[in-house]
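Residue-level structural notes
Listed here are the chains, written in short residue letters.
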Amino acid sequence: MHGTDIASTAKPNPRAITVRIARDPNDLMLVTAIRSAVYLAEQDCPIEEEFDGNDLVAAHFIGFVGKEPAGCLRVRFFGEFAKVERLAVRHQYRRSRLSFKLVQASVDYVRRKGFKRIYGQAQDRLVDFWAHFGAKPLGHNRKLTFSDFSYTEMVLELEPDDDAITLDSDPYMIIRPEGDWDRPGVLDMSAGRPASSPLRDMTAARP
């Protein structure tokens, strides 16, 4: 059997779960499709309540089972906390661990950004799910109702990440693509060119 490359002949696992951050309009279309299937179709949520004007000011995670986009989650940021929300998994993938993978990816991401607290509003039936990650109800009678569901406010206290991004971090790390801070990006590559200040020549050419 010599000469056989096992890695090259192995077929990709069609049930493998992967999670990545959304980066372009095509990714946001996947997020929209998943949330429409879950919240609009299954839970009969009005479209103006589901797509609430916050999608372009948030980070989104997309979960895949094999190559199929199967779930998503949204994170928004405030001064003292990050808010994890809009977790949605298509019904045929709910027996997988995709929901756990999505939440764990968001927790790791929030910690890396230096936040020490996550706030969430959990449907009452899902309080135990969020408790799995260490989230606790915010206080007695901290409930709210919207889009026909009752929610419990919850908070997850985080241990600081040893490698959290701060003002002391490598400046090139800070300008790399969101969530991909440990790999050199296109601006790292551009640093190999000398600073030519092209605008200086434009200013000198003015009458």
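Refer to the structure printed above.
A few points on the structure. Just so it is clear, the structure is predicted and the values come from calculations on it, not from any experiment.

Moving on, we get to the packing of aromatic side chains. The full count for this structure, using the stated rule, is 12 aromatic pairs. Three or more aromatic residues joined by ring pairs form one cluster here, namely Phe61, Phe77, Tyr109, Phe115 and Trp181. The positively charged end of Arg97 is found above the aromatic ring belonging to Phe100, 4.6 Å away from the centroid.

Along the polypeptide, Val31 turns up in helix α2 (residues 25–42). For the pair Val31 and Phe61, spaced 30 residues apart in the sequence, the C-alpha separation amounts to 8.3 Å. Aside from chain neighbours lying at most four places away, what touches Val31 is His60, Ile62 and Cys72.

This paragraph deals with the nonpolar core. Of all hydrophobic cores here, the largest spans 32 residues; its most connected members are Leu73, Val75, Val103, Val110 and Trp130. Elements with a minimum of two residues in this core: β2 (59–65), β3 (68–77), β4 (82–89), α4 (98–112), β5 (117–123), α5 (127–131) and β8 (149–157). In terms of residue count, α4 provides more of this core than any other element does, 6 residues in total. With near-sequence residues (within four places) excluded, Val103 lies in contact with Leu73, Leu87, Phe129, Trp130 and Phe133. Ranked by size, the runner-up nonpolar core spans 10 residues in total, among them Val38, Ile62, Cys72 and Ala88.

Residues other than glycine seldom take positive phi values, yet Asp44 does so here, at roughly 60 degrees. Topologically, Asp44 is positioned in the loop between α2 and α3 (47–50). Judged by its relative accessible area of 62%, Asp44 is exposed.

With that settled, consider the side chain of Asp188. For Asp188, the location among the structural elements is in helix α7 (residues 186–190). A residue is classified by how much of its surface remains accessible, and Asp188, at 16% relative accessible area, is buried. Side-chain polar atoms of Asp188 contact the side chain of Arg176, separated by 2.9 Å. Excluding anything up to four places from it in sequence, Asp188 contacts Tyr172 and Arg176.

What counts, and where the lines are drawn
- Residues numbered from 1 in each chain as written.
- Predicted model: local features only at pLDDT ≥ 70, side-chain atom pairs only at ≥ 80, totals over all residues.
- Heavy atoms only, no water.
- Phe/Tyr/Trp six-rings, centres within 6.5 Å; stacked < 30°, edge-to-face > 60°.
- Lys NZ or Arg CZ within 6 Å of the ring centre and 35° of its normal.
- Helix = DSSP H or I, 4+ residues; strand = E, 2+ residues; numbered from the N terminus.
- Contact = heavy atoms within 4.5 Å.
- Core = buried A, V, L, I, M, F, W, Y, C linked by side-chain atoms within 4.5 Å.
- Buried < 20%, exposed > 50% of the residue type's maximum accessible area, 1.4 Å probe, protein only.
- Polar contact = N/O pair within 3.5 Å; in protein donor to acceptor, adjacent residues only side chain to side chain.

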